[in-house]
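Given next are the chains, with one letter for each unit.
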Amino acid sequence: MIEDTTKENLRFTASGREGVHNLPIIRIGPYATNLLQYDEFGREIVYIPITILSDALLPGKGKRGKNCGKIAAIGVCENCGTKIPLKSTCYQPLCPTCWHKWRFRRAKGYLTKLEGFRRYIYVNRGRNWKVSKFHHVIASPPPNLEYPLLAEAKTPEKVRFLNRLVKEAKEIAEFVGFRDGGLMIFHPYRLKWPCPECNQWFKPDELKEHLSKVHLKDEEDIEEIIEKIREQDDDPINEGRRWREILKKDNWRDYVYYSPHFHVFGVANTIDGLACKRAYEKFGWVVHRVTKGKSKVSIGNLKDLARSLLYCLSHVGILKDEKGRMIRTIRWFGDISHFKTFNKKVEKEVLVALLKAQKRLKDAPEIVIGKIKLICPKCGSMLNIISIK
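How each quantity is defined
Residues numbered from 1 in each chain as written. Predicted model: local features only at pLDDT ≥ 70, side-chain atom pairs only at ≥ 80, totals over all residues. Heavy atoms only, no water. Salt bridge = Lys/Arg side-chain N within 4 Å of Asp/Glu carboxyl O. Helix = DSSP H or I, 4+ residues; strand = E, 2+ residues; numbered from the N terminus. Buried < 20%, exposed > 50% of the residue type's maximum accessible area, 1.4 Å probe, protein only. Expected span 1.5 Å × (residues − 1). Polar contact = N/O pair within 3.5 Å; in protein donor to acceptor, adjacent residues only side chain to side chain. Pairing = 2+ DSSP bridges. Axes fitted to C-alpha atoms, helices over the stretch in contact; angles between N-to-C directions. Core = buried A, V, L, I, M, F, W, Y, C linked by side-chain atoms within 4.5 Å. Contact = heavy atoms within 4.5 Å. Disulfide = S-S within 2.5 Å. Left-handed = near helix turned anticlockwise from the far one by under 90°. Nonpolar A, V, L, I, M, F, W, Y, C, P; charged D, E, K, R; others polar. Parallel < 35°, antiparallel > 145°, perpendicular 65-115°, else oblique. Phe/Tyr/Trp six-rings, centres within 6.5 Å; stacked < 30°, edge-to-face > 60°.

Caption draft 1: Up close: the pattern of salt bridges. This structure, assessed with the given rule, holds 13 salt bridges. A salt bridge links Asp 304 to Arg 307; the shortest N-O distance between them is 2.4 Å. A residue pair is termed a helical-turn pair when its members lie 3 or 4 positions apart in one helix, as Asp 304 and Arg 307 do in helix α7 (residues 302-314) at 3 residues. There is no split in this pair, since Asp 304 and Arg 307 are both buried.

If you want it as structure tokens, here you go:
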């Protein structure tokens, strides 16, 4: 251990609070980036970088649930006696077989709550549609963000860091216009960009350098290529299909790079562009309002919201702590957190919107709603279900 007894200025930037403190620093190892110090109670503090979340997985990239795929019941034909085994599902996000069922179930709950809250705002604020519009915003923290955390605590460091990050993201979201709260979805990765000349994948900055040095492109050609790729990324349908193809691969990490950010959905009058600019200047967060192509509209209707939610849930970050327990990476914030709706009409409209959205995205098997009549494949008679305990 190398001790540095000199005093240096440390600047805190967590949650928008700044302050300069003169504290003795202890450096671990000659090349360490984490800084250790002590708080006013003598407890050891360690600075944890945002890369602590870089081991996140994506839906369908884990193992099956405990009983997933096992025979849960047997269907016996009442006519010819044919026996058909019926397998169980686990509805887990990491399951390669059931992740799309988990996504549809979660999206249905989120969409019902958002649409119910939007109608509640519309009725209680003068039936003015301008104050009850959906907005979709992407909030990206600084790439060199660090948080001071207690070195010894019962809660794992990864959980505490994510909680701090979510808290700051909520403050940023409320700062730019989500006064009534909304839904936050954590994404750890972004797609790399393909080179049109050699089909290799690069980060955006690396692609520009690659086109210039390897393919000898001038600045005008590079800007034209980058603009075409950016237009494809702005379309959630095209990007959703690119994610679908990449997630089928075993080496999917070769096509993404670590760039944590949050997708925020909520009801607001407007998203203040000047507030987004101040959020970057004051806190270092890049806030971008997602729109439909060249239009100024973010979320036009319930179908748009359903497509955006399914797209975001297809590659949401899935984190586990040191003991293997799941960490919540999808959070509600603000007044909508405690809102509940039991409107059957809203649930029906949400279900129709989700079915149409999933059919258009074409990134998962078709979902069948309601009870399914099990028919014998040989004679067409009904099957009697016998459960297996």
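The rest of the description comes next.
Caption draft 2: Inspection of α7 at higher detail. With 13 residues, α7 ought to run about 18 Å at 1.5 Å a step, and its terminal C-alpha atoms sit 18 Å apart, in line with that. Among the residues of α7, those classed as buried are Leu 302, Asp 304, Leu 305, Ala 306, Arg 307, Ser 308, Leu 309, Leu 310, Tyr 311, Cys 312, Leu 313 and Ser 314. At the N-terminal end of α7, a side-chain oxygen is found 3.1 Å from the backbone nitrogen of Lys 303, two or three residues along, and the residue is Asn 301.

Caption draft 3: The sheet that holds strand β7 (residues 133-140), seen in detail. Taken in spatial order, the 5 strands make up an open sheet running β13-β7-β12-β9-β16, and their pairing is antiparallel. Only two strands of the sheet have a single partner each, and these edge strands are β13 (286-289) and β16 (330-333). Between one strand axis and the next, the sheet turns by 30° as a mean value, whatever way the strands run. Pairing geometry for β7 and β13, over 4 bridges, is antiparallel. The residue of β13 that forms the bridge with Ala 139 is Val 287.

Caption draft 4: Here's a closer look at the sheet that holds strand β6 (residues 83-87). Read across the sheet, 3 strands follow the order β6-β5-β17 without closing on themselves; strand pairing throughout is antiparallel. Edge positions in the sheet fall to β6 and β17 (383-387), since each of these pairs with one other strand and no more. Direction aside, the axes of adjacent strands within the sheet are offset by 30° on average. As defined by bridge partners, strand β5 (residues 71-77) adjoins β17 across 5 bridges and the pair is classed as antiparallel. Across the sheet, residue Gly 75 finds its bridge partner in β17, namely Ile 385.

Caption draft 5: Layout of the nonpolar core. Among the nonpolar cores identified, the biggest contains 79 residues, and Leu 114, Leu 165, Phe 178, Ile 185, Phe 262 and Leu 309 are the most heavily contacted of them. Considering every element that reaches this core, the biggest residue donor is helix α2 (residues 157-176), with 9 residues. When residues no more than four places from it in sequence are discounted, the contact partners of Leu 114 are Phe 134, Leu 183, Phe 265, Val 267, Leu 305, Leu 309, Trp 332 and Ile 336. Ranked by size, the runner-up nonpolar core spans 9 residues in total, among them Trp 193, Leu 211, Ile 222 and Ile 225.

Caption draft 6: Layout of the pairing of β16. Neither face of β16 is exposed, since Ile 330 and Trp 332 on one face and Arg 331 and Phe 333 on the opposite face are all buried. Two elements, strand β9 (residues 182-191) and β16, share 4 bridges in a ladder whose sense is antiparallel. Its bridge partner being in β16, Met 184 is matched across the sheet by Arg 331.

Caption draft 7: Spotlight on the state of the cysteines. By the definition in use, this model includes 0 disulfides. There is no disulfide at Cys 68, and the cysteine sulfur nearest it, in Cys 98, is 3.5 Å away.

Caption draft 8: Looking closely at the packing of α2 against helix α6 (residues 273-283). The interhelical angle for the contact between α2 and α6, taken along N-to-C directions, is 145°, at an axis separation of 9 Å. The two elements α2 and α6 cross, and the hand of that crossing is right-handed. Counting all contacts with α2, which are made through Ile 172, Phe 175 and Val 176, the residues of α6 involved are Ala 275, Cys 276, Arg 278, Ala 279 and Phe 283. By residue class, the composition of the contact of α2 with α6 is 7 nonpolar, no polar and 1 charged.

Caption draft 9: Structural context of the environment of Leu 111. Examined against the element boundaries, Leu 111 turns out to sit in helix α1 (residues 99-124). You can call Leu 111 buried: its relative accessible area is 0%. When near neighbours in sequence (up to four residues on either side) are disregarded, Leu 111 contacts Leu 302, Leu 305, Ala 306, Leu 309, Val 350 and Leu 354.

Caption draft 10: Examining the packing of α7 against helix α8 (residues 344-361) more closely. Axis separation between α7 and α8 bottoms out at 8 Å; the angle between their running directions is 60°. In terms of axis orientation, α7 runs oblique to α8. The crossing of α7 and α8 is right-handed. The segment α7 lies against α8, with Leu 302, Lys 303, Ala 306, Arg 307, Leu 310 and Tyr 311 engaging Glu 349, Val 350, Ala 353, Leu 354, Lys 356, Ala 357, Gln 358, Arg 360 and Leu 361. In the contact of α7 with α8, the residues fall into 9 nonpolar, 1 polar and 5 charged.

Caption draft 11: Spatial organisation of the packing of aromatic side chains. The final tally for this structure, using the stated rule, is 11 aromatic pairs. Residues Tyr 110 and Trp 332 carry aromatic rings whose centres are separated by 5.9 Å and whose planes lie at 70° to one another, so their mutual orientation is edge-to-face. Taken together, the residues Tyr 110 in helix α1 and Trp 332 in strand β16 connect sequence positions 222 residues apart. By the burial criterion, Tyr 110 is buried, and Trp 332 matches it. Between the aromatic rings of Tyr 189 and Trp 252, the centroid separation amounts to 5.7 Å while the plane-to-plane angle is 70°, which identifies the pairing as edge-to-face. Of this pair, Tyr 189 sits in strand β9 while Trp 252 is found in the loop between α5 (236-247) and β12 (256-268), placing the two residues 63 residues apart along the sequence.

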